[in-house]
Amino acid sequence: MTFKDFGFDERLLEGIEAMGYTNATPVQEQVIPPILAGRDIIASAQTGTGKTAAFLLPVVNKLLTEPHDEKHINALIIVPTRELAIQIAQTLEGLSYFTSVSSIPVYGGGDGALFTAEKKALSSGADVVICTPGRMIAHLNMGYVKLQGLKYLILDEADRMLDMGFNDDITKIISFLPKHRQNLLFS
């Protein structure tokens, strides 16, 4: 199955082509249609099977084709490590290069300038925020994160986050989110 078979927006297809993707992997074939249909998903697949694109592509497509509030965060991707946040942000940047989709990785260990940039994006809105739990809670505790319009929650490497003791942090973050949203859990 090719990526054109999913009926993605032309701007997204340009990014997919620029990244050198042509055929969907098995996990992508299985999860992209139900995500596009608005269903919640739990998916498990080996590393390197295309899980990141499996959730990024349909969410970006929905942001391009469905109404959303640009002054709020629309999709929140929670990941266990800074390295994974950076990796997903880079993949998203490539896939969405020909679109107007905005994104920012939010993770600890940076300097004050990085925190200030995160604060600006979290208070003025970004289409996609990729975050580690601890750093997101630090921002949430300050009260300026705009999550009221959130439509998509993605937990990537969910099993690993639980193994690392992030259960309470994830529960706290979820308590700030609207009850009506699409939930995607990947491990």
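Residues numbered from 1 in each chain as written. Predicted model: local features only at pLDDT ≥ 70, side-chain atom pairs only at ≥ 80, totals over all residues. Heavy atoms only, no water.

Q: Would you take a moment to explain the sheet that holds strand β4 (residues 128–131) for this structure?
A: The strands making up a sheet are joined through hydrogen bonds of the backbone, oriented either antiparallel or parallel. Strand order in the open sheet formed by 6 strands is β1-β6-β5-β2-β4-β3, and the pairing between neighbours is parallel. What marks the edges here is a single partner per strand, and that holds for β1 (41–43) and β3 (103–106). The sheet shows a mean angle of 10° between the axes of neighbouring strands, taken without regard to direction. One ladder, built from 5 bridges, connects strand β5 (residues 152–156) with strand β6 (residues 182–186); its direction is parallel. Paired with Leu 153 across the strands is Asn 183, a residue of β6. (Pairing = 2+ DSSP bridges. Helix = DSSP H or I, 4+ residues; strand = E, 2+ residues; numbered from the N terminus. Axes fitted to C-alpha atoms, helices over the stretch in contact; angles between N-to-C directions.)

Q: Explain the pattern of salt bridges here, please?
A: Scanning the model with the defined rule gives 4 salt bridges in all. Here Glu 66 makes a salt bridge to Lys 62, at a shortest N to O gap of 3.8 Å. Its salt-bridge partner being Arg 160, residue Glu 157 comes within 2.7 Å of it at the nearest N-O pair. Residue classification places Glu 157 among the partly exposed residues on the basis of a relative accessible area of 22%. (Salt bridge = Lys/Arg side-chain N within 4 Å of Asp/Glu carboxyl O. Buried < 20%, exposed > 50% of the residue type's maximum accessible area, 1.4 Å probe, protein only.)

Q: Can you help me understand the packing of helix α1 (residues 10–18) against helix α3 (residues 51–65) in this one?
A: Two numbers describe a pair of packed helices, the interaxial angle and the distance between the axes. Contact pair α1 / α3: the axes reach a minimum separation of 9 Å and the direction vectors enclose 150°. Here Arg 11, Leu 12 and Ile 16 of α1 lie close against α3, whose contacting residues are Leu 57, Val 60, Asn 61 and Leu 64. (Contact = heavy atoms within 4.5 Å.)

Q: Even after reading the chapter, I still don't get the side chain of Arg 135, so can you show me in this structure?
A: With respect to the helices and strands, the residue Arg 135 is situated in helix α6 (residues 133–140). For Arg 135, a relative accessible area of 12% translates into the label buried. Sequence-distant contacts of Arg 135, that is, excluding residues within four places in its chain, are made with Val 106, Tyr 107, Gly 108, Gly 109, Leu 114, Phe 115 and Glu 118.

Q: How should the packing of aromatic side chains be read in this particular structure?
A: Any pair of aromatic rings gets described here by the distance separating the centres and the angle formed by the planes. Under the criterion given, the structure shown has 5 aromatic pairs. Measuring from ring centre to ring centre gives 6.1 Å for Phe 3 and Phe 6, while their planes differ by 45°; the resulting arrangement is tilted. You'll find Phe 3 and Phe 6 in the same group, each marked buried. Pairing Phe 3 with Tyr 21 gives two aromatic rings, centres 6.1 Å apart and planes at 35°, and the pair type is tilted. A residue pair is termed long-range when its members are at least 10 positions apart, and Phe 3 in the segment before α1 and Tyr 21 in the loop between α1 and α2 (26–36) qualify at 18 residues. You can call Tyr 21 partly exposed: its relative accessible area is 30%. One aromatic cluster in this structure is built from Phe 3, Phe 6, Phe 8 and Tyr 21. (Phe/Tyr/Trp six-rings, centres within 6.5 Å; stacked < 30°, edge-to-face > 60°.)

Q: How do you make sense of the nonpolar core when you look at a structure like this?
A: In terms of nonpolar packing, the biggest core is built from 39 residues, with Phe 8, Leu 57, Ile 77, Ile 130 and Phe 186 touching the most fellow members. With 9 residues, α3 is the largest single contributor of residues to this core. With residues near it in sequence (within four places) discarded, Ile 77 still touches Phe 55, Leu 56, Ile 88, Val 128, Val 129, Ile 130, Cys 131 and Ile 154. Formed by 25 residues, the second largest nonpolar core is a distinct cluster that contains Ile 73, Leu 76, Cys 131 and Met 136. (Core = buried A, V, L, I, M, F, W, Y, C linked by side-chain atoms within 4.5 Å.)

Q: What am I meant to see in the environment of Met 164 here?
A: Tracing the sequence through the fold places Met 164 in the loop between α7 (158–163) and α8 (167–175). The class of Met 164 is partly exposed, set by a relative accessible area of 40%. Placed 15 residues apart in sequence, Met 164 and Gly 149 show a C-alpha to C-alpha distance of 29 Å. The residues touching Met 164, leaving out its near neighbours within four places in the chain, are Pro 80 and Thr 81.

Q: I keep staring at the pairing of β6 and nothing clicks. Help me out?
A: Each regular strand displays side chains that alternate between the two surfaces of the sheet. The alternating pattern of β6 places Gln 182, Leu 184 and Phe 186 on a buried face, while none of Asn 183 and Leu 185, on the opposite face, is buried. As judged from the 3 bridges shared by β1 and β6, these two strands associate in the parallel manner. When the bridges of β6 are listed, Ala 43 appears paired with Phe 186.

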